[in-house]
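# Results of the structural survey
The lines below spell out each chain.
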Amino acid sequence: MSEFVFSRKPITIDRGEGAYLYDTDGNAYLDAGASYACTPLGHCHPRVVDAIQEQAGRLLYVQGSYPTPPRDALVEQLVAVAPQGCANVWLCNSGTEANEAALKFARSATGGETVVAATRAFHGRTMGALAATWRDKYKQPFEPLMPGVEFVPYDDPEALTEAVDDDTAAVLLEPIQGEGGIHPASASYLKDARALTEDVGAALIFDEIQTGVGRTGTMWACEHAGVVPDILTSAKGIASGLPLGALVCRDWIAEDSGPHGSTFSGNPLVAAAATQTLATIVEEHIPEHAAEVGAYLREELRAADLPVRDVRGRGLMIGIEVKRGANRLLRELALEHGVLALPAGRTVLRLLPPLIIEREHADELVAGIGGAEETEESS
Ligand SMILES: *Cc1c(COP(=O)(O)O)cnc(C)c1O
């Protein structure tokens, strides 16, 4: 009963260091999924671990109405890396909570009641964010969810134009869909979304929970399109694997965001981890590195002439459309080639390696995938 909601993988993980995880028998695995992009600096980055250890001995928690130096530092750091104009910060404990807050703030600030989201979208599993998530599989047993969500085909400007009206509180989009199969939106689509929401006074929310903190080669994926949203949500890798959700927004949202709160918001331990994570990403030019190694990795994947349909993505957010089920391939990759990756739907192999990987890790990854594909082909 204690494990009833977890699906177990046949490897027990004991420790992590850099781009590798080690099981309890001491076997090493190249971590090409970073546990869903949660460890951008690799496992147990010394700077982050030091900050956690130092903070743990000083103050683990105090109620949010008292300012603390670690929370103040995180807010300052977040504003420094946020898109220009998104200078207001809200902190919570997960991605779905960040989206939940974004939806509440948008409803409050606009007075609108409806939300426009996209087909294939994934925004989380609480009742509001889940309502804006596309797949019925996640939603159906829990209905009715929050009403008023309309889905439009992703990256289709006409459908978006048709859906957005005076009653729209928010348009909620991932700049690159993660769970949905690694689909980047065109820059012009994101620009259209910006113009349409501005016209009717709706909030444009970008869910950068998977695409953020350097993953796609810029700090935020919306930078590729040069579009600044009204609200941007982040989580996953922002605190190197400790539970943190964050939202940054423009003044007009913050000024009329309504009452909202969370007990652990901005807790000092997690804040210390996140500040060092973000500072390291900035100081060590991690987004630029992700862009460079990501381009190399995609090139090598294409050059390897694998029996696959497509290699796509941006930076170190890469989807490989395979010809047969992704899950069998992933198992083969893990158990026979020591590479841990992720699926995104039934036929997409998803790569979200730590952003610190070098070309030799990329080579190891390509060799592993080549080997696993070969076994698949001959089986
Ligand atoms: C993972 C994810 C979420 C949900 O985050 P949780 O921390 O699991 O609640 C929301 N949106 C996107 C794009 C995600 O990848």
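These notes cover the structure that comes with them. (Residues numbered from 1 in each chain as written. Predicted model: local features only at pLDDT ≥ 70, side-chain atom pairs only at ≥ 80, totals over all residues. Heavy atoms only, no water.)

## A short note on the overall build of the protein
From N to C terminus, the protein includes 13 helices and 17 strands. Here the C-alpha atoms of the protein give a radius of gyration of 20 Å, agreeing with the 21 Å that 2.2 N^0.38 yields for 379 residues. Along the first, second and third principal axes, the C-alpha atoms of the protein reach 60 × 55 × 45 Å. Evaluated residue by residue, the protein yields a buried proportion of 54% over its 379 residues. When contacts within the protein are restricted to residue pairs at least 6 apart in sequence, those whose partners lie at least 24 apart make up 71%. (Helix = DSSP H or I, 4+ residues; strand = E, 2+ residues; numbered from the N terminus. Rg over C-alpha atoms; globule rule 2.2 N^0.38 Å. Buried < 20%, exposed > 50% of the residue type's maximum accessible area, 1.4 Å probe, protein only. Contact = heavy atoms within 4.5 Å.)

## A short note on the pairing of strand β7 (residues 168-173)
Burial of β7 is extensive: 6 of the 6 residues sit out of reach of the surface. Taken together, the 4 bridges between β7 and strand β10 (residues 203-207) define a ladder with parallel strand orientation. Bridge pairing in β10 links Leu173 to Phe206. (Pairing = 2+ DSSP bridges.)

## Some words on the packing of aromatic side chains
Applying the stated criterion across every chain, the model contains 5 aromatic pairs. A centroid spacing of 6.5 Å and a plane angle of 75° characterise the contact between Trp90 and Phe105, whose relative ring orientation is edge-to-face. With Trp90 in strand β4 (residues 88-92) and Phe105 in helix α4 (residues 95-110), this residue pair connects regions lying 15 residues apart in the sequence. Judged by relative accessible area, Trp90 falls into the buried class, the value being 15%. On the numbers, 5.5 Å between centres and 75° between planes, the contact of Phe122 with Tyr138 is edge-to-face. One end of the pair, Phe122, is in the loop between β5 (114-118) and α5 (127-131); the other, Tyr138, is in helix α6 (residues 136-139), with 16 residues separating them in the sequence. (Phe/Tyr/Trp six-rings, centres within 6.5 Å; stacked < 30°, edge-to-face > 60°.)

## Some thoughts on the site of the ligand
The environment of the ligand is formed by Ser94, Gly95, Thr96, Asn99, Phe122, His123, Gly124, Glu174, Asp207, Ile209, Gln210 and Lys236. With the chains in place, 81% of the 390 Å² that the ligand exposes on its own is no longer accessible. A per-element tally of the shell around the ligand places α4 first, with 3 residues. Of the residues assigned to the shell around the ligand, the class counts are 2 nonpolar, 7 polar and 3 charged. (Near = heavy atom within 4 Å. Areas by Shrake-Rupley, 256 points an atom, 1.4 Å probe, with all protein chains shown as cover. Nonpolar A, V, L, I, M, F, W, Y, C, P; charged D, E, K, R; others polar.)

## As for the pairing of strand β14 (residues 317-322)
Residues in a regular strand point their side chains to alternate faces of the sheet. The buried fraction of β14 amounts to 6 of the 6 residues, a majority that puts the element mostly inside the structure. Of the two faces of β14, the one lined by Met317, Gly319 and Glu321 and the one lined by Ile318, Ile320 and Val322 are each fully buried. Two elements, strand β13 (residues 308-314) and β14, share 6 bridges in a ladder whose sense is antiparallel. Opposite Arg314, over in β14, you have Met317 as the bridge partner. Here β13 folds back onto β14 in antiparallel fashion, the turn holding 2 residues, of which Gly315 has a positive phi close to 55°. Bridge count between β14 and strand β17 (residues 348-351): 4 bridges; the pairing is antiparallel. Counted as the bridge partner of Glu321 is Val348 from β17.

## Some points on the packing of helix α11 (residues 286-303) against helix α13 (residues 359-378)
Running from N to C, α11 and α13 point in directions that differ by 30°, and their axes come no closer than 10 Å. With respect to each other, α11 and α13 are oriented roughly parallel. α11 and α13 meet at a crossing whose hand is right-handed. Residues Glu292, Tyr296, Leu297, Glu300 and Leu301 of α11 lie in contact with α13, whose contacting residues are Arg359, Ala362, Asp363, Leu365, Val366 and Ile369. Among the residues making up the contact of α11 with α13, the classes are represented as 7 nonpolar, no polar and 4 charged. (Axes fitted to C-alpha atoms, helices over the stretch in contact; angles between N-to-C directions. Parallel < 35°, antiparallel > 145°, perpendicular 65-115°, else oblique. Left-handed = near helix turned anticlockwise from the far one by under 90°.)

## Things to note about the nonpolar core
If you look at the biggest cluster of nonpolar residues, it comprises 76 residues, and the most contacted ones within it are Leu160, Leu173, Leu297, Leu301, Ile320, Leu351 and Ile369. In contact with Leu351, other than residues within four places in its own chain, are Ala32, Leu297, Leu301, Leu316, Met317, Ile318, Ile320, Ala341, Leu365 and Ile369. The next biggest cluster of nonpolar side chains, apart from the first, holds 26 residues, and it includes Val115, Ala132, Ile205 and Leu247. (Core = buried A, V, L, I, M, F, W, Y, C linked by side-chain atoms within 4.5 Å.)

## Examining the sheet that holds β13
Taken in spatial order, the 4 strands of this open sheet run β13-β14-β17-β16, and their pairing is antiparallel. Each having just a single partner strand, β13 and β16 (342-343) make up the two edges of the open sheet. Each of β13, β14 and β17 touches α11; the most contacted strand, β13, lies at about 175° to it.

## Looking at the side chain of Glu373
Mapped onto the elements of the fold, Glu373 is located in helix α13. The contact partners of Glu373, leaving out residues within four places of it in the chain, are Pro307, Val308, Val322 and Leu329.

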